[in-house]
Amino acid sequence: MDLFEKLNNVAQNMGEEAANAVKTVGDYIKTTNGDQRDMAGLKVQLDMINKKLEVYYAAIGKRYVEYVENVTTDSTFDVSDILENMKEDYERKAKTEAAIAEKEQALKDAEAAKAQARAQEKFEREKKKLENALAMDVITVDEYNEKLALAQKKLDNYEILKRYEMQYNMQIITKEEYDEKVNEILK
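Thresholds applied
Residues numbered from 1 in each chain as written. Predicted model: local features only at pLDDT ≥ 70, side-chain atom pairs only at ≥ 80, totals over all residues. Heavy atoms only, no water. Phe/Tyr/Trp six-rings, centres within 6.5 Å; stacked < 30°, edge-to-face > 60°. Helix = DSSP H or I, 4+ residues; strand = E, 2+ residues; numbered from the N terminus. Buried < 20%, exposed > 50% of the residue type's maximum accessible area, 1.4 Å probe, protein only. Core = buried A, V, L, I, M, F, W, Y, C linked by side-chain atoms within 4.5 Å. Contact = heavy atoms within 4.5 Å. Axes fitted to C-alpha atoms, helices over the stretch in contact; angles between N-to-C directions. Parallel < 35°, antiparallel > 145°, perpendicular 65-115°, else oblique. Nonpolar A, V, L, I, M, F, W, Y, C, P; charged D, E, K, R; others polar. Expected span 1.5 Å × (residues − 1). Arc of directions from axis to C-beta.

Trainee: In this structure, what is going on with the packing of aromatic side chains? I would like to understand it.
Mentor: To describe a pair of aromatic rings, one takes the distance between the centres and the angle between the planes. Tallying each qualifying case throughout the model produces four aromatic pairs. Centre to centre, the rings of Tyr64 and Tyr67 are 6.4 Å apart; their planes meet at 35°, and the pair counts as tilted. Taken as a pair, Tyr64 and Tyr67 lie in helix α1 (residues 3–69) at a separation of three residues, close to a single helical turn. Overall, Tyr64 belongs to the partly exposed group, its relative accessible area being 45%. According to the relative accessible area criterion, Tyr67 is partly exposed, its value standing at 25%. Among the aromatic residues, those joined into a cluster by ring pairs are Tyr64, Tyr67 and Phe77.

What follows is the structure, given as structure tokens:
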């Protein structure tokens, strides 16, 4: 295979990778917007339930003030009718809060899966780049194997490396500690 054919193959592979990257970003935006819209709807619903419950609480307070002002020996403070009306709203509130917690966990899980998929895509791009470099005789087989093994270690330890990066970004660890931890994993 001559140099022109090698360059043509590299260019074709890069075009396919770019198209796949655009599709992945589009899918991510579409999913994220839908999930965020669902979460916003649940939070609005919870807010409406809480406002309705506040009206009930105010009614209980008002009834208590009236009771205190008109206390007689034979009267009792009774709000059982209001509490009965609140029962359904409390149940809806509990279900909505559970749905919000479930949606938050689903969003968190989806984001973790997307991050893992991005790490896998990054590995695949690196592998393709190395394959192209090897095919063009830019690197040796030993260099290819060494660099591919390093990329595989990064993928295999993605979660740990991500955690270290977050610790560094949050200034929990210093740059030196971060570098030391990363180097320990990647050696």
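After that view of the structure, there is still more to cover.
Trainee: Help me understand the nonpolar core in this model?
Mentor: Taken as a class, soluble globular proteins show a tendency for nonpolar side chains to be buried jointly. Residues Ala115, Ala119, Phe123, Leu130, Ala133, Ile139, Tyr144, Leu148, Ala151, Leu155 and Tyr158 constitute the largest nonpolar core, which totals 11 residues. Going through the elements one at a time, α2 (80–135) and α3 (141–156) are the ones with two or more residues in this core.

Trainee: I'm lost on the environment of Leu186 in this one. Help?
Mentor: Along the chain, the position of Leu186 falls in helix α5 (residues 175–186). With a relative accessible area of 17%, Leu186 lands in the buried category. Put simply, Leu186 and Ala151 are 35 residues apart on the chain and 9.0 Å apart in space, counted from C-alpha to C-alpha. Leu186 has contacts with Leu150, Lys153, Lys154 and Leu161, leaving out every residue within four places of it along the chain.

Trainee: Hey, could you run me through the packing of helix α4 (residues 158–169) against α5 in this one?
Mentor: Helix-helix packing is described using two parameters, namely the angle between the two axes and the distance between the axes. One can describe the packing of α4 onto α5 by two numbers: an axis separation of 9 Å at closest approach and a directional angle of 175°. Taken together, the axes of α4 and α5 lie roughly antiparallel to each other. Across the interface between the two elements, Ile160, Leu161, Tyr164, Glu165, Gln167 and Tyr168 of α4 pack against Lys175, Tyr178, Lys181, Val182, Ile185 and Leu186 of α5. Split by residue class, the contact of α4 with α5 holds eight nonpolar, one polar and three charged.

Trainee: It is not clear to me how α5 should be interpreted in this structure. Could you clarify?
Mentor: Along an α-helix, residues three or four positions apart point the same way, because every turn accommodates 3.6 residues. With 12 residues, α5 extends 16 Å from end C-alpha to end C-alpha; this agrees with the ideal 16 Å at 1.5 Å per step. Among the residues of α5, Tyr178, Val182, Ile185 and Leu186 are the ones counted as buried. Relative to the axis of α5, the buried residues are bounded by an arc of 90° and lie together on one face. Residues of α5 that are exposed and angled more than 90 degrees away from the buried face: Glu176, Glu180 and Glu184.

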